[in-house]
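Residue-level structural notes
Listed here are the chains, written in short residue letters.
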Amino acid sequence: MSKALEEGQELDLDFEKLKKVALAGASVVPVAVQDADSKDVLIIAYANEEALAYTLEHGVAAFWSTSRNELWVKGATSGDTLKVVEVRVNCEQNSILYIVKLLGTGACHTKDAHGQTRASCYYRRLQDGQLRFVAG
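This is a predicted model, so every value here is computed, not measured.

1. Re the overall build of the protein chain
In terms of regular secondary structure, the protein chain is built from three helices and eight strands. N-terminal to C-terminal, the α/β element order of the protein chain is α-α-β-β-α-β-β-β-β-β-β. What you see for the protein chain is a C-alpha radius of gyration of 15 Å, in line with the 14 Å of a compact globule of 136 residues. Across the 136 residues in the protein chain, those meeting the buried criterion constitute 32%.

As structure tokens, this is what we get:
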């Protein structure tokens, strides 16, 4: 990812993301991840059957990396593990919600100006056509 994309104030949404996921040929469903305490949405990712089975067996959030085409256990390299409290399935059974507790400093792969992992991937808001950092 580019620094401008992750830290910039210009809106540059990837409207091709789902097309890229489909082209990768992975059988996945979207996973919303919500903090059990704050109720903040931390991340949106994807899971296949292997990732969901790992999550249920080990009690930590696992996903299927659509860019690397491999199992991604959140926190395996960063230490920022997401302990799964509950797994929910939507009405049409085409998406999942992991309700989690942070066991590290955050859920995002980016870091703030102080070098700390961001708690959530949703650290900017769209305001007056520009992205603005959310305080905290």
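2. Thoughts on the nonpolar core
Val 31, Val 33, Leu 42, Phe 63, Leu 82, Tyr 98 and Val 100 are the most contacted members of the largest nonpolar core, which has 15 residues in total. Listed by contribution, the elements that provide at least two residues to this core are strand E1 (29-35), strand E2 (41-47), strand E5 (82-89) and strand E6 (96-102).

3. A few points about a nonpolar patch on the surface
On the surface, Leu 11, Leu 13, Phe 15 and Leu 126 cluster together to form a nonpolar patch covering roughly 470 Å² of accessible area. Of note, Leu 126 is situated in strand E7 (residues 124-127). You can call Leu 126 exposed: its relative accessible area is 54%.

4. Some words on the sheet that holds E5
A sheet is described by the order of its strands in space; here four strands give the open sequence E2-E1-E6-E5, paired in mixed fashion. Two strands in the sheet have a free side with no partner beyond their single neighbour: E2 and E5. Mean inter-strand twist for the sheet, computed between neighbouring axes without regard to direction, equals 25 degrees. Note: E1 against E2, six bridges, orientation antiparallel. Following the sheet pairing, Val 31 is matched in E2 by Ala 45.

How each quantity is defined
- Residues numbered from 1 in each chain as written.
- Predicted model: local features only at pLDDT ≥ 70, side-chain atom pairs only at ≥ 80, totals over all residues.
- Heavy atoms only, no water.
- Helix = DSSP H or I, 4+ residues; strand = E, 2+ residues; numbered from the N terminus.
- Rg over C-alpha atoms; globule rule 2.2 N^0.38 Å.
- Buried < 20%, exposed > 50% of the residue type's maximum accessible area, 1.4 Å probe, protein only.
- Core = buried A, V, L, I, M, F, W, Y, C linked by side-chain atoms within 4.5 Å.
- Patch = residues over 30% accessible without salt bridge, like charges linked within 9 Å, V, L, I, M, F, W, Y side chains within 5 Å.
- Areas by Shrake-Rupley, 256 points an atom, 1.4 Å probe, with all protein chains shown as cover.
- Salt bridge = Lys/Arg side-chain N within 4 Å of Asp/Glu carboxyl O.
- Pairing = 2+ DSSP bridges.
- Axes fitted to C-alpha atoms, helices over the stretch in contact; angles between N-to-C directions.

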